[in-house]
Amino acid sequence: MINVLILGGDGYLGWPTAMYFSSRGYEVTVVDNYFRRNACTELDTAMLYAIPTLIERAKLWYELTGFEIKVVIADLSESESMRRLFDGRLKYQWAINEKYSGLPEILIHYAEQPSAPYSLMDYKHADVTLINNLRVTNNLLWAVKDYSPDTHVIKLGTMGEYGTPNIDIEEGWLDIEHKGRKDTFLYPRQASSLYHTTKIMDTDLMWFGVRMWDLKVTDLMQGPVYGIETDESQIDHRLRTIFNYDEVFGTIVNRFIVQGCVGYPLTVYGGGGQTRGYLNIKDALQCVHKSAESPAKSGELRIFNQIMETFSVNELADTIQRVGLNRGFDVKVSHIENPRKELEEHYYNPVYQGLIDIGVEPHYLTDDVISDMFSIVEQYQDNIRTDVIFRGVKW
Ligand SMILES: NC(=O)c1ccc[n+]([C@@H]2O[C@H](COP(=O)([O-])OP(=O)(O)OC[C@H]3O[C@@H](n4cnc5c(N)ncnc54)[C@H](O)[C@@H]3O)[C@@H](O)[C@H]2O)c1
């Protein structure tokens, strides 16, 4: 069995990824310290529905499918917690077979503070973001270098690393000709939040590890993900992933569907011409899996732009409003003062071919997909707290 270690396995993407690999016959271990859940409690950002603990979810998954997902609860910003995953000192908090799974062939790194607004709330949250994200990545690099340099590291980056440049966005690298000489460099990066800045620094750390120690890394520049259900969570609603609809942890499509469901006007920031690349949660899992199936080579930092289509905020709002109205929801759209410092009209033309070339088959944001999301969110309508939807974190 191929051994997969998922850092951040309790998260929006981590838990569905664990089930996805587990159901395909991989030996899966998840590690998390509940940072995300604790942050939701601290900030009073309600989730759409309550989520069982990671151990409860792993037990349930085993009861329903017979597949084991081993669980480790640990803070990976502490170097010894990371090193224990590799050096045989590891103890699982939950496993059917408690014997150490051995060194991972594949390591998926999701374990970071993932919110731009969180990173800009104030100096304390900026500090938590910088320290947490960079420490986890640095600890990971050293552990892989020291114990398991053959492990293929799949790291989640973000399209936000590139910002919105006035030229086409390539997949990670740019050929530069300067004074008659040519070379290839990491594509210029210019983030619009401190969270995104940590992701740029992560990429630099990964590139260092690849250049100096011949590590094998795939860095996935992911756009905002939307969706709730995956094939595996359809087995039982208790397997559904964590779903936030607040401004801090909710991604835009997810937030807009919830807003539409309760008649809260869709919060379009400013002019609404901000354009980004998006993908369905099912494709986020596919992308990671296809990357795992065709690994980066030793000494290679392979970068893919992980989006399936682009939309402006206005296009998203109009489509979600139309589908919501057809379903009988009172969906309104409101252009509110933009709390963020960002361009509201800009050029945006990213390349996103690499993942398709390795076999990913996109699910697009169709009316049916939006309608299905409305159906699920509607089941939890009574849980939705309108007071947590928008708090206006400014930068
Ligand atoms: N969801 C998106 O739309 C999106 C878009 C682009 C990039 N990403 C990136 O993908 C990754 C996963 O995103 P997500 O939406 O699943 O976020 P998430 O917050 O739901 O998941 C991250 C998980 O990592 C855990 N974690 C954080 N710090 C940790 C630490 N020190 N030790 C152990 N566990 C820790 C958290 O508790 C959480 O469960 C992140 O790196 C994020 O930056 C996400």
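Refer to the preceding data block for the structure.
Rules of the game
- Residues numbered from 1 in each chain as written.
- Predicted model: local features only at pLDDT ≥ 70, side-chain atom pairs only at ≥ 80, totals over all residues.
- Heavy atoms only, no water.
- Pairing = 2+ DSSP bridges.
- Helix = DSSP H or I, 4+ residues; strand = E, 2+ residues; numbered from the N terminus.
- Contact = heavy atoms within 4.5 Å.
- Axes fitted to C-alpha atoms, helices over the stretch in contact; angles between N-to-C directions.
- Near = heavy atom within 4 Å.
- Polar contact = N/O pair within 3.5 Å; in protein donor to acceptor, adjacent residues only side chain to side chain.
- Areas by Shrake-Rupley, 256 points an atom, 1.4 Å probe, with all protein chains shown as cover.
- Nonpolar A, V, L, I, M, F, W, Y, C, P; charged D, E, K, R; others polar.
- Buried < 20%, exposed > 50% of the residue type's maximum accessible area, 1.4 Å probe, protein only.
- Phe/Tyr/Trp six-rings, centres within 6.5 Å; stacked < 30°, edge-to-face > 60°.
- Lys NZ or Arg CZ within 6 Å of the ring centre and 35° of its normal.
- Parallel < 35°, antiparallel > 145°, perpendicular 65-115°, else oblique.
- Left-handed = near helix turned anticlockwise from the far one by under 90°.

## A short note on the sheet that holds strand E13 (residues 309-312)
Then step 1. Read across the open sheet, the 3 strands follow the order E9-E11-E13; overall the sheet is mixed. In this open sheet, the two edge strands, each paired with only one partner strand, are strand E9 (225-226) and E13.
Then step 2. Pairing between E9 and strand E11 (residues 275-280): 2 bridges, direction parallel. Each bridged residue has a counterpart across the sheet, and for Val225 the counterpart in E11 is Leu279.
Then step 3. Across the sheet, helix H10 (residues 313-326) touches E11 and E13, and the angle it forms with E13 is around 90°.

## Regarding the pairing of strand E6 (residues 173-178)
Working note: regular strand, side chains alternate between the two faces of the sheet.
Then step 1. When E6 meets strand E7 (residues 181-186), the two strands line up antiparallel, connected through 6 bridges. Looking across to E7, one finds that Leu174 is bridged to Phe185.
Then step 2. Connecting E6 to the antiparallel partner E7 that follows it, the hairpin turn spans 2 residues, and Lys179 within it adopts a positive phi of roughly 50°.

## A short note on the site of the ligand
Then step 1. Lining the immediate environment of the ligand, one finds 29 residues, of which Tyr12, Asp32, Arg36, Tyr195 and Lys199 sit closest.
Then step 2. Here an oxygen atom of the ligand and a backbone polar atom of Leu13 are 2.8 Å apart.
Then step 3. Between the ligand and Tyr195, the relevant distance is 2.6 Å, taken from an oxygen atom to a side-chain nitrogen or oxygen of the residue.
Then step 4. Starting from 820 Å² of accessible surface for the ligand in isolation, the protein chains cover 97%.
Then step 5. Looking at the shell around the ligand residue by residue, the classes come out as 14 nonpolar, 9 polar and 6 charged.

## So, unusual backbone geometry
Then step 1. One non-glycine residue, Tyr34, lies in the positive phi region at around 60°.
Then step 2. Counting through the fold element by element, Tyr34 comes out in the loop between strand E2 (27-32) and helix H2 (35-43).
Then step 3. What makes Tyr34 buried here is its relative accessible area of 18%.
Then step 4. Of note, Asp44 is a non-glycine position whose phi angle comes to about 55°, a positive value.
Then step 5. Of note, Asp44 is situated in the loop between H2 and helix H3 (54-65).
Then step 6. On the basis of relative accessible area, Asp44 is assigned to the partly exposed category, the value being 43%.

## Overview of the packing of aromatic side chains
Then step 1. Tallied over the full model, the rule gives 15 aromatic pairs.
Then step 2. Note on Phe21 and Tyr26: the rings are 4.9 Å apart at their centroids and 70° apart in plane angle, and the pair reads as edge-to-face. You'll find Phe21 and Tyr26 in the same group, each marked buried.
Then step 3. Relative to Phe249, the ring of Tyr118 lies with its centre 6.0 Å away and its plane at 35°, an arrangement referred to as tilted. You can see Tyr118 sitting in helix H5 (residues 116-119) and its partner Phe249 sitting in the loop between E9 and helix H8 (252-261), a full 131 residues away along the chain.
Then step 4. The buried category is assigned to Tyr118, whose relative accessible area is 3%.
Then step 5. Grouped by ring-pair contacts, the aromatic residues Tyr20, Phe21 and Tyr26 constitute a single cluster.
Then step 6. For the cation-ring pair, Arg24 lies above Tyr20, with the distance from its terminal atom to the ring centre recorded as 3.5 Å.

## A short note on the sheet that holds E2
Then step 1. Read across the open sheet, the 7 strands follow the order E3-E2-E1-E4-E5-E8-E12; overall the sheet is parallel. In this open sheet, the two strands that pair with only one neighbour each are strand E3 (69-73) and strand E12 (300-306). With direction set aside, neighbouring strand axes in the sheet form an average angle of 20°.
Then step 2. Direction of pairing for strand E1 (residues 3-7) relative to E2: parallel, over a ladder of 5 bridges. Within E2, the residue paired with Val4 across the bridge is Val28.
Then step 3. Each of E2 and E3 touches H3; the most contacted strand, E3, lies at about 175° to it.
Then step 4. Sheet contacts for helix H9 (residues 281-293): strand E4 (106-109), strand E5 (152-158), strand E8 (216-222) and E12; angle to E5, the most-contacted strand, approximately 145°.

## Structural notes on the packing of helix H1 (residues 14-23) against H3
In a pair of packed helices, the angle between the axes and the distance between the axes together describe the arrangement.
Then step 1. Look at H1 against H3: their axes get within 12 Å of each other, and the N-to-C directions meet at 25°. Put simply, H1 runs roughly parallel to H3. Here H1 and H3 pass one another in a crossing that is right-handed. When H1 is examined against H3, the residues Trp15, Met19, Ser22 and Ser23 are found in contact with a partner set consisting of Leu54, Arg57, Ala58 and Trp61.
Then step 2. Each residue belonging to the contact of H1 with H3 can be placed in one class, and the counts come to 5 nonpolar, 2 polar and 1 charged.

## Notes on the environment of Asn349
Then step 1. Counting through the fold element by element, Asn349 comes out in the loop between strand E14 (333-336) and helix H11 (354-357).
Then step 2. A C-alpha to C-alpha distance of 9.0 Å links Asn349 and Thr164, two positions 185 residues apart in sequence.
Then step 3. In contact with Asn349, not counting residues within four places along its chain, are Asp168 and Ile169.

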